[in-house]
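The residues making up each chain are set out below.
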Amino acid sequence: MSLWGWVVAACGIAYATKLAGYLLPDAWLDRPWVATVSSGMPAGLLASLVGVNTLGSGVSRVVDALPRLAVGGPPPRPDYSGWRPMGPTSEARYSCELYRSRVV
Amino acid sequence: VTLQPAADALRASPAVRMGLSIAAAVGVYGVSFGALSVTAGLSVPQTCALSALMFTGGSQFAFIGVVGGGGTLAAATTAASLLGVRNALYGVQLNAMLRPRGWRRPVHAHLTIDESMATAGAQDDPVEQRRGFWTAGVGVWLLWNLFTLVGAVVGSSIGDPAAWGLDGAAVAAFLGLLWPRLRARDPLVVAVAAAFVTLVAVPFVPAGVPIIIAAAVSAAIAVAQHRGRPAPREAGMSGRPA
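Described below are features of the structure shown in this document. (Residues numbered from 1 in each chain as written. Chains lettered and ligands numbered in written order. Predicted model: local features only at pLDDT ≥ 70, side-chain atom pairs only at ≥ 80, totals over all residues. Heavy atoms only, no water.)

Examining the overall build of chain A
Just so we agree on the cut-off: Strands here are runs of E lasting at least two residues and helices are runs of H or I lasting at least four, both read from the DSSP assignment and numbered beginning at the N terminus. Note on classification: 1.4 Å probe, protein chains only; a residue is buried when its accessible area is under 20% of the maximum for its type, exposed when over 50%, partly exposed between these limits. Whether two residues touch is decided by their heavy atoms; if any such pair falls within 4.5 Å, the residues are in contact. Throughout, the Shrake-Rupley method with a 1.4 Å probe supplies accessible areas, and for residues the shown protein chains are the sole cover considered.
Counting secondary structure elements, chain A contains four helices and zero strands. Taken across its 104 residues, chain A has 45% of its residues classed as buried. In chain A, the share of contacts with a sequence separation of at least 24, taken over all contacts with a separation of at least 6, comes to 53%. Total accessible area on chain A stands at roughly 4900 Å², and carbon and sulfur atoms take up 68% of it.

As for the overall build of chain B
Each helix and strand in chain B was counted, giving 14 helices and zero strands. Each helix and strand of chain B, placed in order from N terminus to C terminus, yields the pattern α-α-α-α-α-α-α-α-α-α-α-α-α-α. Per-residue burial over chain B gives 51% buried out of 242 residues. Once local pairs closer than 6 in sequence are excluded, the contacts in chain B between residues at least 24 apart make up 69%. Working note: accessible area of chain B is about 10200 Å², and carbon and sulfur atoms make up 70% of it.

Section: helix H10 (residues 126–154) of chain B
So the rule is basically this: To estimate how far a helix should extend, the number of its residues minus one is multiplied by 1.5 Å.
In this model H10(B) runs 41 Å from its N-terminal to its C-terminal C-alpha over 29 residues, within 8% of the 42 Å that 1.5 Å per residue would give. One or two residues past the end of H10(B) sits B:Gly155, with phi positive at roughly 65°.

Overview of the packing of aromatic side chains
Let me state the cut-off plainly: Note on ring pairs: Phe, Tyr and Trp rings are taken, using the six-membered ring of Trp, and paired if centres are within 6.5 Å. Classes follow the plane angle, with under 30 degrees stacked, over 60 edge-to-face and the rest tilted.
Going through the model one piece at a time under the given rule, you end up with five aromatic pairs over all chains. A centroid spacing of 5.5 Å and a plane angle of 80° characterise the contact between A:Trp28 and A:Trp33, whose relative ring orientation is edge-to-face. Judged by its relative accessible area of 34%, A:Trp33 is partly exposed. Ring plane angle 85° and centroid distance 5.4 Å describe the contact between B:Phe33 and B:Phe61, whose orientation is recorded as edge-to-face.

A short note on the pattern of salt bridges
All names here are of chain B. Counted only if it meets this: When a carboxyl oxygen of Asp or Glu is within 4 Å of a side-chain nitrogen of Lys or Arg, the pair counts as a salt bridge.
One pass over the structure, following the stated rule, counts four salt bridges over all chains. Here Arg-11 makes a salt bridge to Asp-8, at a shortest N to O gap of 3.5 Å. Of this pair, Arg-11 and Asp-8 are both found in helix H1 (residues 4–12), three residues apart, which corresponds to roughly one turn of the helix. By relative accessible area, Arg-11 is classed as exposed at 53%. With a shortest N-O distance of 2.8 Å, Arg-131 and Glu-128 are connected by a salt bridge. Linking Arg-131 with Glu-128, this pair stays in helix H10, spanning three residues, or about one helical turn.

Some points on the packing of helix H1 (residues 3–20) of chain A against helix H4 (residues 44–54) of chain B
In a pair of packed helices, the angle between the axes and the distance between the axes together describe the arrangement. Applicable threshold: Here an axis means a line fitted to C-alpha atoms, over the contact stretch when the element is a helix, while the angle between two N-to-C directions is reported on a 0 to 180 degree scale. Here the word oblique covers every angle except those under 35 degrees (roughly parallel), over 145 (roughly antiparallel) and from 65 to 115 (roughly perpendicular). Residues are grouped as follows: nonpolar covers Ala, Val, Leu, Ile, Met, Phe, Trp, Tyr, Cys and Pro; charged covers Asp, Glu, Lys and Arg; every other residue, Gly included, is treated as polar.
At a minimum axis distance of 9 Å, the contact between H1(A) and H4(B) shows a crossing angle of 10°. Our classification of the angle between H1(A) and H4(B) gives roughly parallel. Across the interface between the two elements, A:Leu3, A:Trp4, A:Val7, A:Ala10, A:Cys11, A:Ala14 and A:Lys18 from H1(A) touch B:Pro45, B:Gln46, B:Ala49, B:Leu50, B:Leu53 and B:Met54 from H4(B). Taken together, the residues of the contact of H1(A) with H4(B) sort by class into eleven nonpolar, one polar and one charged.

A few points about the packing of H4(B) against helix H5 (residues 57–68) of chain B
Residues and elements named next belong to chain B. As a reminder of what qualifies: Helix crossings fall into two classes, left-handed where the near helix is turned counterclockwise from the far one by less than a right angle and right-handed where it is turned clockwise.
One can describe the packing of H4 onto H5 by two numbers: an axis separation of 10 Å at closest approach and a directional angle of 150°. By the angle between their axes, H4 is roughly antiparallel relative to H5. Between H4 and H5 the crossing geometry is right-handed. Mapping the contact onto sequence places Leu-50, Ser-51 and Met-54 in H4 and Ser-59, Gln-60, Phe-63 and Ile-64 in H5. Partitioning the contact of H4 with H5 into residue classes produces four nonpolar, three polar and no charged.

Here is the structure:
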């Protein structure tokens, strides 16, 4: 399959994932425990987003960087396998660093 | 007929304000996605298609990251899809909260991202929840796509958004949404536990998974809190002993 084909497939999977949550029947949503969980969960999700965006990427990257600091030498080739950060902000910052390390 | 009262109501709405500031903070980062995507080997139209159609930043960066690192396109698609699993969770939440009908349902699904879930979920009033979802969802979509195009076309010459001092703005916005909820004891317990498991999980599990673990822990705590002190409204709706 061409690059275009995979781009469209990946977009389709992403959209189907999002849509899945909306296809649950109302009767299911009206169950009391669903209301309990939906009212209690936002605080947890927000705290998790804050945590991942502020510390998540930083901690794992600092740990990864320690051996290189000790050895010295040229900056390592960008390693895309360890995409820890999740929110757009930390990801963008990470990508900017990767970008600079490739270009500069 | 004048639209002035409606405009005033929107201007005074905390959800609209928060949605707009999140959209501004996050949307600008489309520049770095656009630039990196073209560097990774995607064309400008392919880059713009990812932002317009996939529209979930984490998955987009994962996709171009794997491609740029020399991985297969199947691996790129898998990584992007796994990172998007949390959006299904957001979909359930937002569906229960907003109950979209008709054409709104597929549109809601497309606008379901971290920022729209966070802005809507942080409001208690249903009207404000709706305003927050639409403002953040549409606002981020517009700016994210605009700046993706700018980044893809202009590339590195525009510079690094982190250097503009905006990199902390989205975190500050999430924190601003979380803070008012921490006055009550139950959400405070949930938030502390969720932040703790997130930070413990991040070094050990793939990206995107920590928030799913945090969501499971939050749900379990919410149920436990509910069993301890059943709300009368909900107790009356169920035959189950609360």
